[in-house]
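Chain by chain, the residues:
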Amino acid sequence: AEMKGFLIVFIGGGLGSLTRFLISKLIPVSKNNYPLNTLVANFIGCFLIGYLIGWFLNKYGSQNELYLFSIVGFCGGLTTFSTFSNESLILLKSGNLITFLSYILVSIVGGIILVSLGYYLFKLSTSY
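For the structure given in this document, a descriptive report is provided here. The structure displayed is predicted, hence computed values, not measured ones.

The next point concerns helix α2 (residues 36–59). Taking 1.5 Å per residue as the helical rise, α2 with its 24 residues ought to reach 34 Å, and the 34 Å between its terminal C-alpha atoms agrees with that figure. Immediately downstream of α2, the backbone of Gly 61 shows phi near 70°, a positive value.

The next point concerns the packing of helix α4 (residues 81–93) against helix α5 (residues 97–125). Packing of α4 against α5 brings their axes to within 8 Å, and their N-to-C directions diverge by 160°. Taken together, the axes of α4 and α5 are roughly antiparallel relative to one another. The residues of α5 that touch α4, namely those facing Phe 84, Glu 87, Ser 88, Leu 91 and Leu 92, are Leu 97, Thr 99, Phe 100, Tyr 103, Ile 104, Ser 107 and Ile 108. Per-class residue counts for the contact of α4 with α5 are eight nonpolar, three polar and one charged.

The subject of this paragraph is the nonpolar core. Of all hydrophobic cores here, the largest spans six residues; its members are Tyr 34, Leu 39, Phe 84, Leu 91, Phe 100 and Tyr 103. Those elements that place two or more of their residues in this core are α4 and α5. In terms of nonpolar packing, the next biggest core, distinct from the first, is built from five residues, Leu 52, Phe 56, Tyr 67 and Ile 71 among them.

How each quantity is defined
- Residues numbered from 1 in each chain as written.
- Predicted model: local features only at pLDDT ≥ 70, side-chain atom pairs only at ≥ 80, totals over all residues.
- Heavy atoms only, no water.
- Helix = DSSP H or I, 4+ residues; strand = E, 2+ residues; numbered from the N terminus.
- Expected span 1.5 Å × (residues − 1).
- Axes fitted to C-alpha atoms, helices over the stretch in contact; angles between N-to-C directions.
- Parallel < 35°, antiparallel > 145°, perpendicular 65-115°, else oblique.
- Contact = heavy atoms within 4.5 Å.
- Nonpolar A, V, L, I, M, F, W, Y, C, P; charged D, E, K, R; others polar.
- Core = buried A, V, L, I, M, F, W, Y, C linked by side-chain atoms within 4.5 Å.
- Buried < 20%, exposed > 50% of the residue type's maximum accessible area, 1.4 Å probe, protein only.

Structure, rendered in C-alpha coordinates:
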(Lines give C-alpha, C1' and ligand atoms only; values in the text may rest on other atoms or scores of the structure.)
Protein backbone atom coordinates (compact mmCIF):
# COMPACT_ATOMS: atom_id res chain seq x y z
CA ALA A 1 0.00 0.00 0.00
CA GLU A 2 2.92 2.35 0.78
CA MET A 3 4.41 1.82 -2.70
CA LYS A 4 1.12 2.94 -4.23
CA GLY A 5 1.33 6.20 -2.24
CA PHE A 6 4.88 6.82 -3.49
CA LEU A 7 3.75 6.27 -7.08
CA ILE A 8 0.75 8.59 -6.67
CA VAL A 9 2.95 11.41 -5.27
CA PHE A 10 5.54 10.76 -8.01
CA ILE A 11 2.97 11.13 -10.81
CA GLY A 12 1.31 14.19 -9.24
CA GLY A 13 4.70 15.81 -8.63
CA GLY A 14 5.78 15.17 -12.20
CA LEU A 15 2.62 16.76 -13.57
CA GLY A 16 3.03 19.73 -11.21
CA SER A 17 6.66 20.21 -12.28
CA LEU A 18 5.65 19.96 -15.94
CA THR A 19 2.97 22.60 -15.35
CA ARG A 20 5.56 24.90 -13.74
CA PHE A 21 7.89 24.33 -16.72
CA LEU A 22 5.08 25.24 -19.14
CA ILE A 23 4.30 28.40 -17.14
CA SER A 24 8.00 29.35 -17.34
CA LYS A 25 7.83 29.01 -21.13
CA LEU A 26 4.60 31.03 -21.42
CA ILE A 27 5.65 33.92 -19.17
CA PRO A 28 8.94 35.59 -20.05
CA VAL A 29 11.27 37.03 -17.42
CA SER A 30 10.91 40.83 -17.40
CA LYS A 31 13.57 43.39 -18.29
CA ASN A 32 14.81 43.77 -14.72
CA ASN A 33 15.01 39.96 -14.27
CA TYR A 34 11.87 39.89 -12.11
CA PRO A 35 10.95 36.17 -11.96
CA LEU A 36 7.26 36.63 -12.80
CA ASN A 37 6.97 33.05 -14.10
CA THR A 38 8.00 31.55 -10.74
CA LEU A 39 5.75 34.00 -8.91
CA VAL A 40 2.75 32.97 -11.06
CA ALA A 41 3.46 29.24 -10.60
CA ASN A 42 3.85 29.67 -6.84
CA PHE A 43 0.69 31.79 -6.60
CA ILE A 44 -1.38 29.27 -8.58
CA GLY A 45 -0.05 26.51 -6.33
CA CYS A 46 -0.79 28.51 -3.17
CA PHE A 47 -4.36 29.22 -4.27
CA LEU A 48 -4.89 25.58 -5.28
CA ILE A 49 -3.53 24.16 -2.05
CA GLY A 50 -5.77 26.45 0.01
CA TYR A 51 -8.84 25.48 -1.98
CA LEU A 52 -7.99 21.77 -2.05
CA ILE A 53 -7.26 21.59 1.67
CA GLY A 54 -10.70 23.08 2.33
CA TRP A 55 -12.23 20.55 -0.05
CA PHE A 56 -10.43 17.58 1.52
CA LEU A 57 -11.21 18.60 5.09
CA ASN A 58 -14.86 18.98 4.12
CA LYS A 59 -15.24 15.84 1.99
CA TYR A 60 -12.91 13.32 3.63
CA GLY A 61 -11.73 14.81 6.92
CA SER A 62 -8.36 13.16 6.33
CA GLN A 63 -5.71 12.41 3.75
CA ASN A 64 -6.30 9.89 0.98
CA GLU A 65 -4.83 9.03 -2.43
CA LEU A 66 -6.33 12.09 -4.11
CA TYR A 67 -4.81 14.25 -1.36
CA LEU A 68 -1.40 12.67 -1.98
CA PHE A 69 -1.75 13.20 -5.72
CA SER A 70 -3.06 16.77 -5.73
CA ILE A 71 -1.63 18.45 -2.63
CA VAL A 72 1.60 16.59 -1.86
CA GLY A 73 2.35 15.71 -5.49
CA PHE A 74 0.90 18.27 -7.89
CA CYS A 75 1.05 21.39 -5.69
CA GLY A 76 4.45 20.30 -4.36
CA GLY A 77 5.77 19.94 -7.90
CA LEU A 78 4.13 23.13 -9.15
CA THR A 79 5.45 25.40 -6.41
CA THR A 80 9.14 25.81 -5.80
CA PHE A 81 10.97 27.24 -2.84
CA SER A 82 14.41 26.37 -4.22
CA THR A 83 13.86 28.29 -7.48
CA PHE A 84 12.39 31.21 -5.52
CA SER A 85 15.48 31.23 -3.26
CA ASN A 86 17.92 30.98 -6.16
CA GLU A 87 16.22 33.78 -8.10
CA SER A 88 16.19 35.92 -4.96
CA LEU A 89 19.94 35.40 -4.57
CA ILE A 90 20.50 36.32 -8.24
CA LEU A 91 18.51 39.55 -7.73
CA LEU A 92 20.50 40.33 -4.56
CA LYS A 93 23.83 39.70 -6.32
CA SER A 94 22.77 41.94 -9.22
CA GLY A 95 22.59 44.81 -6.75
CA ASN A 96 18.93 45.52 -7.41
CA LEU A 97 17.88 45.72 -3.77
CA ILE A 98 14.38 47.08 -4.45
CA THR A 99 13.56 44.28 -6.92
CA PHE A 100 15.06 41.72 -4.52
CA LEU A 101 13.02 42.95 -1.54
CA SER A 102 9.81 43.37 -3.53
CA TYR A 103 10.10 39.84 -4.97
CA ILE A 104 10.54 38.32 -1.51
CA LEU A 105 7.75 40.39 0.04
CA VAL A 106 5.28 39.86 -2.82
CA SER A 107 6.06 36.12 -2.92
CA ILE A 108 5.65 35.45 0.78
CA VAL A 109 2.75 37.79 1.55
CA GLY A 110 1.01 36.99 -1.74
CA GLY A 111 1.43 33.25 -1.19
CA ILE A 112 -0.09 33.39 2.27
CA ILE A 113 -2.97 35.56 1.00
CA LEU A 114 -3.65 33.15 -1.89
CA VAL A 115 -3.67 30.05 0.34
CA SER A 116 -6.17 31.89 2.56
CA LEU A 117 -8.19 33.08 -0.43
CA GLY A 118 -8.38 29.56 -1.87
CA TYR A 119 -9.51 28.17 1.47
CA TYR A 120 -12.10 30.89 2.08
CA LEU A 121 -13.46 30.70 -1.47
CA PHE A 122 -14.01 27.00 -0.90
CA LYS A 123 -15.76 27.76 2.39
CA LEU A 124 -17.96 30.36 0.65
CA SER A 125 -18.85 27.94 -2.14
CA THR A 126 -20.05 25.35 0.38
CA SER A 127 -21.93 27.64 2.77
CA TYR A 128 -25.17 27.85 0.80
